[in-house]
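Chains, contacts and geometry: an overview
Given next are the chains, with one letter for each unit.
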Amino acid sequence: MNVKRMILGLFITVPIIVLLAVNLGRDPRFIPSPLPGREAPNFTLPVLETSGPYSVREPGPGEVVDLASLRGSVVVVNFWASWCLSCRSEHVPLSRLADQYGGQDVHFFRILYNDRPENAASLIERMGGQSYPTLLDSRSGTAIRYGLTGVPETFFIARDGRVAHKQIGPTDHDLIVQWVNRLLAEEWTGPRQEGGERVGLRSPAPVEP
Amino acid sequence: VSRTRIPLLGAAVLILAAPLALSGQSTPPGQSVVPDPEQFEATARTDDPELEAQVRKLSRELRCPTCQALSIDDSPSELAREMKGQIRARLQAGMTPEEVRATFVEAYGEWVLLSPEPQGFNLLIYVLPVLVLLLGAGIVLVGMRRWLVQPESGASGPGPGDPAEARETVPSAERAPPAS
């Protein structure tokens, strides 16, 4: 009888303990994305008008950025908003790295999420400008197609157009350098599009990890 | 496990499994993933009652990404509102509800479905409650049979109105040494 009770007790308690052990160690805010490994959803978005310092290499205010035209280059896409405090901590490393990688096949873009363009422009100005474009996604269509669950989120897109990594939450200098260098090292034998040909207006500077 | 506890245990299993089994009844059929090459602009509410009913139905099936366990129909968030507009735009563009649902699964994964697709590992969610219900029903049946049969075999024991006493009496009668 005791053995039966023990088996019954194990039958009930073991699944509960296993479920708790598996789920208690998991961050409930982490949502696995199906995008890494798949082709990045294309976007054609206008550039936010800002009065701060600006890179001559990327499309300027009034122009549009078409992701498909950048095939052959590594693309870093960061979703942000001026009301998001974590996004502010990313401003310096992103801006600095966008500058340092100038001349190499890397493009940095920020996409504004659920925010007023004037608020974003004002914040960029207060933070001393941005060395790469912020794009406007007025009805969050791109954010939804990228499966955005909040800001900040950063997508590292490989030369072949696939999403290599999705970073949920704030990114930093080391993580950006690690992913960009890894993706730059990948072989690309496909056709170089318009965006790739535009590279080279600034002298390339090696970036140390 | 004592015999009187068997039906109680079975009943407990049935009660615990019932909500799981009921939630599994709203199973959406498995759908293929449809690529979404177009960019859709979210559209505003229309006067078309049929379209709006479809939008509402799909909105109830999709989870709001910025909320805690709310459908995009229930959520007041900006993103949920835009997702609803996207559903409308995609339906207006001629996509079927299944195709629209698939485009959201493509971007967010199955997580976005409030009722996961009954495929692969997810099948457990739908099959397990039924198995547990059957197991519970089996335990209840076996327990009830033993419970009902017991008073007849122990004729010399107390009446059927006191099964607990019957349980205690019958085994001791069986254990009694044969008369020498």
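Definitions and cut-offs
- Residues numbered from 1 in each chain as written.
- Chains lettered and ligands numbered in written order.
- Predicted model: local features only at pLDDT ≥ 70, side-chain atom pairs only at ≥ 80, totals over all residues.
- Heavy atoms only, no water.
- Buried < 20%, exposed > 50% of the residue type's maximum accessible area, 1.4 Å probe, protein only.
- Helix = DSSP H or I, 4+ residues; strand = E, 2+ residues; numbered from the N terminus.
- Arc of directions from axis to C-beta.
- Pairing = 2+ DSSP bridges.
- Axes fitted to C-alpha atoms, helices over the stretch in contact; angles between N-to-C directions.
- Contact = heavy atoms within 4.5 Å.
- Salt bridge = Lys/Arg side-chain N within 4 Å of Asp/Glu carboxyl O.
- Polar contact = N/O pair within 3.5 Å; in protein donor to acceptor, adjacent residues only side chain to side chain.
- Phe/Tyr/Trp six-rings, centres within 6.5 Å; stacked < 30°, edge-to-face > 60°.
- 1 Å grid on protein atoms, 1.4 Å probe; cavity = no way out; pocket = protein on both sides within 12 Å on 5 of 7 lines; lining within 4 Å.
- Points joined across faces, edges and corners; volume = space filled by probe spheres on them.
- Nonpolar A, V, L, I, M, F, W, Y, C, P; charged D, E, K, R; others polar.
- pLDDT = per-residue confidence, 0-100.
- Parallel < 35°, antiparallel > 145°, perpendicular 65-115°, else oblique.
- Left-handed = near helix turned anticlockwise from the far one by under 90°.

On to helix 3 (residues 117-126) of chain A. Residue and element names in this part refer to chain A. Looking at helix 3, one finds that the buried residues are Ala-120, Ala-121, Leu-123 and Ile-124. What you see down the axis of helix 3 is that its buried residues fit within an arc of 165°, all on one side. Positive backbone phi, at 90°, marks Gly-128, one or two positions downstream of helix 3.

Moving on to the sheet that holds strand 6 (residues 153-157) of chain A. Residue and element names in this part refer to chain A. Read across the sheet, 5 strands follow the order 5-4-3-6-7 without closing on themselves; strand pairing throughout is mixed. Two strands in the sheet have a free side with no partner beyond their single neighbour: strand 5 (134-136) and strand 7 (163-168). The mean inter-strand angle of the sheet, taken between neighbouring strand axes irrespective of direction, is 20°. Both strand 3 (residues 74-80) and strand 4 (residues 106-112) contribute to a ladder of 7 bridges, which runs parallel. Residue pairing in the sheet places Val-75 in a bridge with His-107 of strand 4. Across the face of the sheet, helix 2 (residues 85-100) comes into contact with strand 3, strand 4 and strand 6 while running at roughly 155° to strand 4. Taken strand by strand, helix 5 (residues 173-184) contacts strand 3, strand 4, strand 6 and strand 7, and its axis lies near 20° from that of strand 6.

Attention now goes to the pairing of strand 6 of chain A. All names here are of chain A. Among the 5 residues of strand 6, 5 are classified as buried, and the element is accordingly described as predominantly covered. Here strand 6 shows a buried face lined by Glu-153, Phe-155 and Ile-157 and a second buried face lined by Thr-154 and Phe-156. Here 5 bridges tie strand 3 to strand 6, and the two strands are oriented antiparallel to one another. Its bridge partner being in strand 6, Val-77 is matched across the sheet by Phe-155. Both strand 6 and strand 7 contribute to a ladder of 5 bridges, which runs antiparallel. Within strand 7, the residue paired with Glu-153 across the bridge is Ile-168. Connecting strand 6 to the next strand, strand 7, in antiparallel fashion are 5 residues, including Gly-161 with a positive phi near 90°.

A word on the interface of chain B and chain A. Across the contact, 26 residues belong to chain B and 26 residues belong to chain A. Summed over the shared surface of chain B and chain A, the number is 1 salt bridge. One salt bridge connects Glu-82 of chain B with Arg-139 of chain A, and the closest N-O pair in it is separated by 3.0 Å. Taken together, the links from chain B to chain A amount to 3 residue pairs in polar contact (both at pLDDT 80 or more).

With that settled, consider the packing of aromatic side chains. Residue and element names in this part refer to chain A. The full count for this structure, using the stated rule, is 8 aromatic pairs over all chains. With centroids separated by 5.0 Å and ring planes inclined at 75°, the aromatic side chains of Tyr-146 and Phe-155 adopt a geometry described as edge-to-face. Comparing Tyr-146 with Phe-155 shows no difference in burial state: the two are buried. Relative to Trp-179, the ring of Phe-156 lies with its centre 6.2 Å away and its plane at 25°, an arrangement referred to as stacked.

Of the voids in this model, the second largest pocket is the one considered here, and its volume is about 920 Å³. What lines the second largest pocket is a set of 33 residues, and nearest its centre among them are Pro-28, Arg-29, Phe-30 and Ile-31 of chain A together with Trp-111 of chain B. Across the lining of the second largest pocket, the residue classes break down as 18 nonpolar, 9 polar and 6 charged.

Of all residues in chain A, 88% attain a pLDDT of 70 or more, and the chain-wide mean is 86. Low pLDDT, under 50, characterises residues 195-206 of chain A; the predicted model gives this stretch 33 contacts beyond four residues in sequence or across chains.

Bringing the packing of helix 2 (residues 49-61) of chain B against helix 3 (residues 78-92) of chain B into the picture now. Residues and elements named next belong to chain B. The interhelical angle for the contact between helix 2 and helix 3, taken along N-to-C directions, is 130°, at an axis separation of 10 Å. On the basis of the axis angle, helix 2 is oblique to helix 3. Handedness of the helix 2/helix 3 crossing: right-handed. Within the contact between the two elements, helix 2 uses Leu-51, Glu-52, Gln-54, Val-55, Leu-58 and Ser-59 and helix 3 uses Lys-84, Ile-87, Arg-88, Leu-91 and Gln-92. Tallied by class, residues from the contact of helix 2 with helix 3 come to 5 nonpolar, 3 polar and 3 charged.

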